[in-house]
Amino acid sequence: MSPTSVSQVQSPDRSSRSAHHSGKTAVAVELGTVKPLLGASLAELTEWVQQQGQPAYRGKQLYQWIYEKGARSISDISVFSKQWRETVANVSIGRSTIHFRSVAPDDTVKYLLKLADGQIIETVGIPTEKRLTVCVSAQVGCAMGCDFCATGKGGFKRNLAKHEIVDQILTVQQDFGRRVSNIVFMGMGEPLLNADNVVEAVKCLNQDVGIGQRNITISTVGIRDRIRQLAEHQLQVTLAVSLHASNQRLREQLIPSARPYPLDELIAECREYVKLTGRRLSFEYILLAGVNDLPEHAAELANHLRGFQCHVNLIPYNPIQEADYKRPNPQRIKAFVDVLEKKKIAVSVRYSRGLEADAACGQLRASKA
Ligand code: SAH
Ligand code: SF4
């Protein structure tokens, strides 16, 4: 999963441009057969319609129907002739269907989406007055096995394709009837274990759906070398690194997959990311009562982050059925915050929204799929 492999479909004379924006590509040949149309650029769709014997302007129409009008199948596209729609009726746009939808009292909407092969993923739409944030999944399940995470407890099925990531945003946008402003890769799965598709999806969301890269956050548990590789793409996204512990022993206990990757090395790679990209980086730290929420943990964490221009997000644990951790009380949370602030570390507490709708990662899927 090297960063260069993202560009497999580039032709050599366009090596400095992304596959997504290149003109004549192998992608257009695969469209409609191997690949659904969603995820393709304007140039690729134009090339594809021409291969089908249609005039080039049909490509622009197809592009607008897919990304702006949210067409779910070619038969929806009324500007195309009936005859041609019938000819390509079996070409898939690649949209999911809503398998289950639940609304929390704070208007957060949690979806279970069914993919073409019947797999189910979670997506969440989180509205405020000014923003509509989508929490997207990067994989079906997750192989990392974190002890506090419902997705981790359910095991790994497969990576999501680029169009399956993009679809989640279009689905929430259509269901809410308003534009998505922000995206966080904090749903199911580990984005950096599906980095090629995640990077391509980010480019598509930026160029074709119109979401600023600065409004996109990728959350990772930290996979050796992958943070550095992500930096090479020079995306303008924000990186969030799930730390959850102030020392390696504790971290391994909570995140079994952290065993081969010492905390010091992870933090060093994070510092390098900031240097290489000039972008902000935040650390996520889930608070588990009596496990990692003591003032001495806060002090230890502050030591690791000394001189690091970063932000720490504390996430009070959302109870899941498969684990018996507890959420710390507000005094404990405040004491943790105080220690970090005294050490001049920027910190905020982030309560998950929509707790009533099985908000913890992977929880809805475990109960309703
Ligand atoms: N795999 C990536 C992204 C998905 S998880 C990662 O781990 O960063 C996104 C966030 O959900 C992580 O910060 C994770 O710690 C948090 N999370 C998982 N289970 C949770 C729970 N039970 N309560 C609160 N946050 C949880
Ligand atoms: Fe995977 Fe993230 Fe859940 Fe850990 S917290 S199991 S890395 S989804």
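Residues numbered from 1 in each chain as written. Chains lettered and ligands numbered in written order. Predicted model: local features only at pLDDT ≥ 70, side-chain atom pairs only at ≥ 80, totals over all residues. Heavy atoms only, no water.

K.L.:
Can you tell me about the site of ligand 1, naming the residues and giving the values?
P.N.:
The environment of ligand 1 is made up of 20 residues, and the closest members are F148, S219, S242, H244 and N318. Contacts to ligand 1 include N318, whose backbone N or O atom sits 2.9 Å from a nitrogen atom. A total of 540 Å² of accessible area belongs to ligand 1 in isolation, and the protein chains cover 94% of it. At the level of secondary structure, the elements contributing two or more residues to the shell around ligand 1 comprise β8 (216–220) and β10 (281–287). Counted by class, the shell around ligand 1 contains 11 nonpolar, 7 polar and 2 charged residues. (Near = heavy atom within 4 Å. Polar contact = N/O pair within 3.5 Å; in protein donor to acceptor, adjacent residues only side chain to side chain. Areas by Shrake-Rupley, 256 points an atom, 1.4 Å probe, with all protein chains shown as cover. Helix = DSSP H or I, 4+ residues; strand = E, 2+ residues; numbered from the N terminus. Nonpolar A, V, L, I, M, F, W, Y, C, P; charged D, E, K, R; others polar.)

K.L.:
Pulling in residues and values, what's your account of helix α2 (residues 42–51)?
P.N.:
Listing the buried residues of α2 in full gives E44, L45, T46, E47, W48 and V49. Trailing α2 by a residue or two, G53 shows a phi angle of about 80 degrees, which is positive. (Buried < 20%, exposed > 50% of the residue type's maximum accessible area, 1.4 Å probe, protein only.)

K.L.:
Just give me the short version of the side chain of Q168, but keep the residues and values in it.
P.N.:
Topologically, Q168 is positioned in helix α6 (residues 162–176). The exposure class assigned to Q168 is buried, which follows from its relative accessible area of 0%. Excluding its chain neighbours within four sequence positions, the residues that come into contact with Q168 are L113, I121, E122, T123, V134, V136, S137 and L160. (Contact = heavy atoms within 4.5 Å.)

K.L.:
Describe the packing of helix α11 (residues 295–304) against helix α12 (residues 330–342), with residues and values.
P.N.:
One way to put it is that α11 packs onto α12 with a least axis distance of 9 Å and a crossing angle of 30 degrees. On the basis of their axis angle, the class for α11 and α12 is roughly parallel. Judged by the twist between their axes, the crossing of α11 over α12 is right-handed. Contacts from P295, H297, A298, A299, L301 and A302 in α11 reach F336, V339 and L340 in α12. Taken together, the residues of the contact of α11 with α12 break down into 8 nonpolar, 1 polar and no charged. (Axes fitted to C-alpha atoms, helices over the stretch in contact; angles between N-to-C directions. Parallel < 35°, antiparallel > 145°, perpendicular 65-115°, else oblique. Left-handed = near helix turned anticlockwise from the far one by under 90°.)

Function cannot be read off these values alone, since they describe shape.
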